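# Report on the structure
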Amino acid sequence: MTAWQIDYVVKNKFSRPGHPLLKVLGVVMHWTATPGATDENEKAFFDGADGGGSRYASAHIFVDKDSARLIIPLNEVAYHANEKPSMISKLRASTSYYTSGNANLNTIGVEMCVEKDGTIHAETIKRTEDVVAELCRQFSLSPENDIYRHYDITGKNCPAPWVANVGAFNEFKTKVRAKMMPEVIVESIANSDYISKTLTVKTDGLWFYNTPRWDVKGGSSAKGNSFIVTEELRVGGYRMLKCHDGKYRTADPLHVDINPKPSDWPYRVNIDNITHAEAVDIVQLIGTNYKGAKVFGEAK
Ligand SMILES: [Zn+2]
């Protein structure tokens, strides 16, 4: 299932000229700045021989709070970022039919619809995250490096809320990245014996994670730092501990110590100076009584 429905406008020189995109190097974010207009309204507007009031303007995808509509094929040029040559040098492309070095030739334009009160609805932004995550997957783009505001391309105040607040734009890119990552199974352990105990870092530069997943590192903690455990989880089957600073850390005894010791804390026991026969007895004893224990030995 795609994040958008296909609803192409007819070819016309103003909104859908039919020129091929040279390649897709980025996604350019816009807002429609037309309060109350839905993606259905926008499609109807840009359709027909006059392509939306005989103005050279369009975008590939329009998103509102309940649907998203692809009105121009993703391998064709839309006129969405061409007020002047691109300010981003890698997007400055030109062709025989287009000589100004503009980003329309190598980007996809995504428009967020605007509510009657002039804001972008939270559901519209969420749906747009899904749309752009799918575009990034489809065209092997990086959310951190390949998503632009119209403002970044030409200096236009678009999308205005993200020009006024670049933090909201950065948050959008973070959400897109999160939506591109494979799902992991996260399980919270009820009545965990780890809660309220102290985790102390044993390895300098131990990774922590901002969310319960192992593949996105949030930063590192120094050896000797201590944290109170607030939650025990299984993330992809491995024990992860949420700490009082809101960060997640491993429970691997190679890297952390927990005090007091939880009931299932794994120990490593070395027994020196015993005979071969005694060692065999111990291995059998452990094998019988401790499920999952691994016994290693070294012959003397
Ligand atoms: Zn724009």
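## Overview of the coordination of the zinc ion
- At 2.0 to 2.3 Å from the zinc ion lie its protein donor atoms, namely H30 (ND1), H150 (ND1) and C158 (SG).
- Mapped onto the sequence, the donors of the zinc ion take the spacing H-x119-H-x7-C. Linking H30 in strand β2 (residues 26-31) with C158 in the loop between α4 (150-154) and α5 (160-164), this pair joins segments that are 128 residues apart in sequence.

## As for the state of the cysteines
- Under the defined criterion, the tally for this structure stands at 0 disulfides.
- C113 takes part in no disulfide bond, and the closest cysteine sulfur, belonging to C158, lies 12 Å away.

## Examining a nonpolar patch on the surface
- Taken together, Y267, V269, I271 and I274 make up a surface patch of nonpolar side chains, about 420 Å² in accessible area.
- Structurally, the position occupied by Y267 is in the loop between β16 (256-259) and α7 (276-289).
- Classification of Y267 as exposed rests on a relative accessible area of 59%.

## Here we look at the sheet that holds strand β1 (residues 5-6)
- With mixed pairing, 6 strands are arranged side by side in an open sheet as β1-β4-β3-β7-β2-β8. Whereas interior strands pair on both sides, the edge strands pair on one side only; in this sheet they are β1 and β8 (147-149).
- When strand β3 (residues 61-63) meets strand β4 (residues 68-70), the two strands line up antiparallel, connected through 3 bridges. Note on β4: the bridge partner recorded for V63 is A68.

## Let's talk about the nonpolar core
- Grouped together as the largest cluster of nonpolar side chains are 35 residues, with contacts concentrated most on M29, I61, V110, V132 and L135.
- Mapped onto this core, the elements with two or more residues apiece are β2, β3, β4, β7 (107-112), α2 (122-138), α5 and α6 (166-180).
- In terms of residue count, α2 provides more of this core than any other element does, 5 residues in total.
- Of all hydrophobic cores here, the second largest spans 12 residues; its members include V201, L206, L241 and C243.

## Examining the domain arrangement of the chain
- In terms of domain boundaries, the chain breaks down into domain 1 (5-180) and domain 2 (184-290).
- On a C-alpha basis, the centres of domain 1 and domain 2 stand 47 Å from each other.

## Let's talk about α7
- Between the first and last C-alpha of α7 there are 20 Å, a value that for 14 residues agrees with the 20 Å anticipated at 1.5 Å per step.
- The buried fraction of α7 amounts to 0 of the 14 residues, a small share that puts the element mostly on the outside.

## Quick look at the layout of surface pockets
- As a volume, the largest pocket reaches approximately 1800 Å³.
- Around the largest pocket sit 44 residues that line it, and R268, V269, K294, V295 and F296 are the ones nearest its centre.
- Elements supplying a minimum of two residues to the lining of the largest pocket: β11 (206-208), β14 (238-243) and α7.
- Ranked by residues supplied to the lining of the largest pocket, first place goes to α7 with 6 residues.
- Taken as a whole, the second largest pocket encloses approximately 450 Å³ of empty space.
- Lining the second largest pocket are 26 residues, with T32, R55, A57, E111 and K156 positioned closest to its centre.

## Some remarks on α6
- With 15 residues, α6 should reach 21 Å at 1.5 Å per residue; the first-to-last C-alpha distance of 21 Å fits that figure.
- All buried positions along α6 are accounted for by F169, F172, K173, V176 and M180. Summarising the axial view, the buried residues of α6 lie within an arc of 95°, below the 170-degree limit, and thus occupy one face.
- The elements touched by buried residues of α6 are β2, α2, α3 (143-146), β8, α4 and α5.
- Where α6 begins, the capping side chain belongs to N165, and its oxygen is found 3.0 Å from the backbone nitrogen of G167.

What counts and how
- Residues numbered from 1 in each chain as written.
- Predicted model: local features only at pLDDT ≥ 70, side-chain atom pairs only at ≥ 80, totals over all residues.
- Heavy atoms only, no water.
- Donors = N, O, S within 2.8 Å, 3.2 Å for Na, K, Ca; no water.
- Helix = DSSP H or I, 4+ residues; strand = E, 2+ residues; numbered from the N terminus.
- Disulfide = S-S within 2.5 Å.
- Patch = residues over 30% accessible without salt bridge, like charges linked within 9 Å, V, L, I, M, F, W, Y side chains within 5 Å.
- Areas by Shrake-Rupley, 256 points an atom, 1.4 Å probe, with all protein chains shown as cover.
- Salt bridge = Lys/Arg side-chain N within 4 Å of Asp/Glu carboxyl O.
- Buried < 20%, exposed > 50% of the residue type's maximum accessible area, 1.4 Å probe, protein only.
- Pairing = 2+ DSSP bridges.
- Core = buried A, V, L, I, M, F, W, Y, C linked by side-chain atoms within 4.5 Å.
- Domains from an automatic or database assignment.
- Expected span 1.5 Å × (residues − 1).
- 1 Å grid on protein atoms, 1.4 Å probe; cavity = no way out; pocket = protein on both sides within 12 Å on 5 of 7 lines; lining within 4 Å.
- Points joined across faces, edges and corners; volume = space filled by probe spheres on them.
- Arc of directions from axis to C-beta.
- Contact = heavy atoms within 4.5 Å.
- Polar contact = N/O pair within 3.5 Å; in protein donor to acceptor, adjacent residues only side chain to side chain.

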